[in-house]
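Summary of the model geometry
Next come the chains, spelled out residue by residue.
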Amino acid sequence: MNAAVNVLVVGVGPHARLNHLPALAAAQNAGLAGTVTGVDLPHAAAAAVEYGTPGRPRRIQVLPVEPFPASQRALPSAVRQALEAVVERERIGAVMVATEPSVHLPYALWAIGQSLPVLLDKPLTVHPGASTDPAAAQAIADDFDTLLDAYRTAQRRDPRMVVSVLSQRRWHPAFRQVRELIGEVAEATNCPVTSIQSSHGDGQWRLPDELVDLAYHGYTNGYGKAAHSGYHHFDTVPWWLAAGERPGKELDEIEVHAACTRPSDFLTQLTVADHERLLPGFADRNPYTEPDLYRLTAGFGEVDVFLNVAYRSRGRTLALGSHSLAHTSFSQRGNLHPVPGALYKGNGRIGQESHIIQQGPFQALHLHVLQTLHADGGGVDRRAAGGADHIELHVFRNDRLGLGWERHRMLGFDDLTRDSTGGAVQPTQRSARTCAVTEFLSYLADRTPRAEMASDLADHRRPARLMAAAYLSLARRAAGGGQPCPPVVLDFYPASLAARHGGKDLVTLGTAR
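For clarity, every value in this text was computed on a predicted model and none was experimentally measured. (Residues numbered from 1 in each chain as written. Predicted model: local features only at pLDDT ≥ 70, side-chain atom pairs only at ≥ 80, totals over all residues. Heavy atoms only, no water.)

Another aspect to go through is the packing of helix H6 (residues 134-157) against helix H16 (residues 461-479). At a closest axis distance of 7 Å, the pairing of H6 and H16 adopts a crossing angle of 170°. For the element pair H6 / H16, the angle class is roughly antiparallel. Taking contact as the criterion, the partners of Pro-134, Ala-137, Gln-138, Ile-140, Ala-141, Phe-144 and Asp-145 in H6 are, on H16, Arg-461, Ala-464, Arg-465, Met-467, Ala-468, Tyr-471, Leu-472, Ala-475, Arg-476 and Ala-479. Residue composition of the contact of H6 with H16, by class: 12 nonpolar, 1 polar and 4 charged. (Axes fitted to C-alpha atoms, helices over the stretch in contact; angles between N-to-C directions. Helix = DSSP H or I, 4+ residues; strand = E, 2+ residues; numbered from the N terminus. Parallel < 35°, antiparallel > 145°, perpendicular 65-115°, else oblique. Contact = heavy atoms within 4.5 Å. Nonpolar A, V, L, I, M, F, W, Y, C, P; charged D, E, K, R; others polar.)

Structure follows, in structure tokens:
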């Protein structure tokens, strides 16, 4: 069994501090992780970063590196040399990339080129202006091919090389249960998933001046919701659909039409005057007039984005999908000033999502995660309806076929807190991220076989193309002055089949079939 691996975390911002560092502390306690070293921009590296439990705090050393343009596909030589020095000095054996996603590509390519195993955060990549520039949107699909080529080259040098993607719903027990139920019915009936309706609301209320002043998980770089949390759905839906694929019923193409709201639309939904009336003190704080805000947010990314998707096989539609991804949704924010200065978590942010999956006349699945209080809300049963951890799955099956199926059963919190071994698991996104980190390090310690890993990079071609198609649709419409445009059609082969079908090129960009 291998010794604990020393880990380099690239990007130690709020996301990594909430998710990666606590998981690494647990991994250190379990003997899976050795030392942890951070990399971040100079202003972030200047402050001490503590992690771990209150009774056993740890401090992470953070190496400062200079920022570079997101358009660069390779690290600047100064950054690369600094990273290679810390890899040698700290005997780094694995890298976690948790930076702003527009620089995922150069950091991931560097680590892969060094034959360092990588845990890559989602989305895989994104480019400034992806929501308005078709070339930037297309680059999202091209980036996957670049990453996969580098990965396969590294695996030829070292067959144990691994790149895992931290798309945590693949480890979430409820989402895994849905996938198993789809596969069970597909095996019995030969019927794939025929329609899926998915929605996610961030419950985030970003005030007019914050649209401009707060860039973290914002819209200032020309992308927004689809790149922030949207990738979870771009990944989860194809992952579920794949469980229902049968011989002769494999997905090979998608047709996507996307529509979105942008900050200018939000400022019409809730005007500056509305905010002044609802939040005493906002008028005194806000330095921008409404015309200022319209001018300053021109070219910003999407706030909410809705997709209509046709999932096809050999020219026929196997499944229809509607995917509703919203920043603007039910919130518990009531304070004027964000705490602790950003809106990544807290500040009344409420996550709500639902998925309705139809599998022909045989099965319907309703998965609901419906919260009414944010994670730090006290005095309420977290598992009760509306609690921070509330989740339920309704399973409807055709019981007239003599297959021993129940017409309806409901799986609640207690049913969905078991992993594959029967052990208790908290069904939360944060605990699922911890599972992702643990699995990655367990593989490196020879405790988990590769075949049992849930989220290998090679399995992310479809979500990368779905995300690219969404942005291509938005960008073409923006480039056309907001006028409706034909849907975007892309091939949808998994990576294992893409090369056989010439799948490195986008099939059609905005041409209706």
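Here the focus is helix H5 (residues 104-113). Of all the 10 residues making up H5, 9 are buried; the element is thus mostly covered by neighbouring parts of the structure. For H5, every residue scored as buried is listed here: His-104, Leu-105, Pro-106, Tyr-107, Ala-108, Leu-109, Trp-110, Ala-111 and Ile-112. Elements that come into contact with the buried residues of H5 comprise strand E1 (5-10), helix H4 (77-90), strand E5 (92-97), strand E6 (118-121), H6 and strand E7 (163-166). Just past H5, the residue Ser-115 takes up positive phi, approximately 60°. (Buried < 20%, exposed > 50% of the residue type's maximum accessible area, 1.4 Å probe, protein only.)

Moving on, we come to the sheet that holds strand E14 (residues 392-397). Pairing in this open sheet of 9 strands is mixed, and the strands run E15-E14-E13-E12-E8-E11-E10-E9-E16 from one edge to the other. Each end of this open sheet is capped by a strand with a single partner; those strands are strand E15 (408-411) and strand E16 (488-491). With strand direction ignored, the average angle separating the axes of adjacent strands in the sheet is 15°. Pairing of strand E9 (residues 253-261) with E16 involves 4 bridges; the strand directions are antiparallel. Paired with Val-256 across the two strands is Val-488, which belongs to E16. Contacts between helix H10 (residues 230-243) and the sheet are confined to strand E8 (195-201), strand E10 (304-313), strand E11 (316-326), strand E12 (352-359) and strand E13 (363-370), with E8 contributing the most and set at about 160° to the helix. Set on the sheet, H16 makes contact with E9, E10 and E16; between it and E9 the angle comes to about 50°. (Pairing = 2+ DSSP bridges.)

For the structure on display, the rule yields 3 aromatic pairs. Aromatic pair Phe-68 and Tyr-107: ring centres 5.8 Å apart, planes at 50°, arrangement tilted. One end of the pair, Phe-68, is in the loop between strand E4 (56-64) and H4; the other, Tyr-107, is in helix H5, with 39 residues separating them in the sequence. The exposure classification of Phe-68 matches that of Tyr-107, with both residues buried. For the pair Phe-175 and Trp-240, a centre-to-centre distance of 5.6 Å together with 10° between the ring planes defines the contact as stacked. In this pair, Phe-175 sits in helix H7 (residues 173-189) while Trp-240 sits in helix H10, placing the two residues 65 residues apart along the sequence. For the pair Phe-175 and Trp-240, one class covers both residues: buried. In this arrangement the basic side chain of Arg-160 is found over the ring face of Tyr-443, its NZ or CZ atom lying 4.5 Å from the centre. Between Arg-397 and the ring centre of Trp-405, over which it is positioned, the NZ or CZ distance is 5.2 Å. (Phe/Tyr/Trp six-rings, centres within 6.5 Å; stacked < 30°, edge-to-face > 60°. Lys NZ or Arg CZ within 6 Å of the ring centre and 35° of its normal.)

A complete count under the given rule lists 2 cavities of 30 Å³ or more for this structure. Around the largest cavity sit Gln-204, Trp-205, Arg-206, Leu-211, Tyr-219, Phe-266, Val-303, His-327 and Thr-328, which together line it. Residues belonging to the lining of the largest cavity are distributed by class as follows: 5 nonpolar, 3 polar and 1 charged. In this structure, the second largest cavity encloses a volume near 40 Å³. The wall of the second largest cavity is formed by Pro-192, Val-193, Leu-241, Gly-244, Glu-245, Lys-249, Leu-251, Leu-318 and Ala-319. Counted by class, the lining of the second largest cavity contains 6 nonpolar, 1 polar and 2 charged residues. (1 Å grid on protein atoms, 1.4 Å probe; cavity = no way out; pocket = protein on both sides within 12 Å on 5 of 7 lines; lining within 4 Å. Points joined across faces, edges and corners; volume = space filled by probe spheres on them.)

Judged by nonpolar contacts, the single largest core of 126 residues is most densely connected at Leu-8, Leu-24, Tyr-107, Tyr-311, Leu-441 and Tyr-471. It is H16 that contributes the most residues to this core, 10 residues altogether. Every residue in contact with Leu-8, bar those within four places of it in the chain, is listed here: Thr-37, Gly-38, Val-39, Leu-83, Val-86, Val-87, Ile-92, Ala-94, Val-95, Met-96 and Trp-110. Formed by 14 residues, the second largest nonpolar core is a distinct cluster that contains Leu-211, Phe-266, Val-272 and Val-303. (Core = buried A, V, L, I, M, F, W, Y, C linked by side-chain atoms within 4.5 Å.)

Here we come to the confidence of the model for the protein chain. For the protein chain, the mean per-residue pLDDT works out to 90, and 90% of the residues sit at or above 70. Below a pLDDT of 50 lies the segment residues 376-383, which in the model reaches 10 contacts outside its immediate sequence neighbourhood of four places, other chains included. Note that residues 504-513 has pLDDT below 50 and, in this model, 35 contacts with residues that lie over four places away or in other chains. (pLDDT = per-residue confidence, 0-100.)

In a beta sheet, neighbouring strands are held together by backbone hydrogen bonds and run either parallel or antiparallel to one another. Ordered by their spatial adjacency, 7 strands build an open sheet running E3-E4-E2-E1-E5-E6-E7, and the pairing between neighbours is mixed. Edge positions in the sheet fall to strand E3 (49-53) and E7, since each of these pairs with one other strand and no more. Across the sheet, the mean angle separating the axes of adjacent strands is 25° when strand polarity is ignored.

This part covers the pattern of salt bridges. The full count for this structure, using the stated rule, is 25 salt bridges. Of the charged contacts, one joins Asp-143 and Arg-73 as a salt bridge, the two residues approaching to 2.9 Å between their closest N and O atoms. A residue pair is termed long-range when its members are at least 10 positions apart, and Asp-143 in helix H6 and Arg-73 in the loop between E4 and H4 qualify at 70 residues. Relative accessible area serves as the criterion here: at 1%, Asp-143 is assigned to the buried category. Arg-333 is paired through a salt bridge with Glu-210; the nearest N and O atoms lie 2.9 Å apart. (Salt bridge = Lys/Arg side-chain N within 4 Å of Asp/Glu carboxyl O.)

Before going further, it helps to spend a moment on the environment of Glu-452. Structurally, the position occupied by Glu-452 is in the loop between helix H15 (429-444) and H16. Considered as a pair, Glu-452 and Glu-439 are 13 residues apart in the sequence and their alpha carbons are 9.0 Å apart.

The two faces of the sheet receive side chains in turn, since in a regular strand these alternate between them. In the sheet, E8 pairs with E11 via 7 bridges, with the strands oriented parallel. By the bridge assignment for E11, Ser-195 is matched with Leu-320. With 10 bridges connecting them, E10 and E11 associate as antiparallel partners. Bridging from a neighbouring strand, Asp-304 pairs with Ala-326 of E11. Joining the antiparallel neighbours E10 and E11 is a turn of 2 residues, in which Arg-314 adopts a positive phi near 55°.

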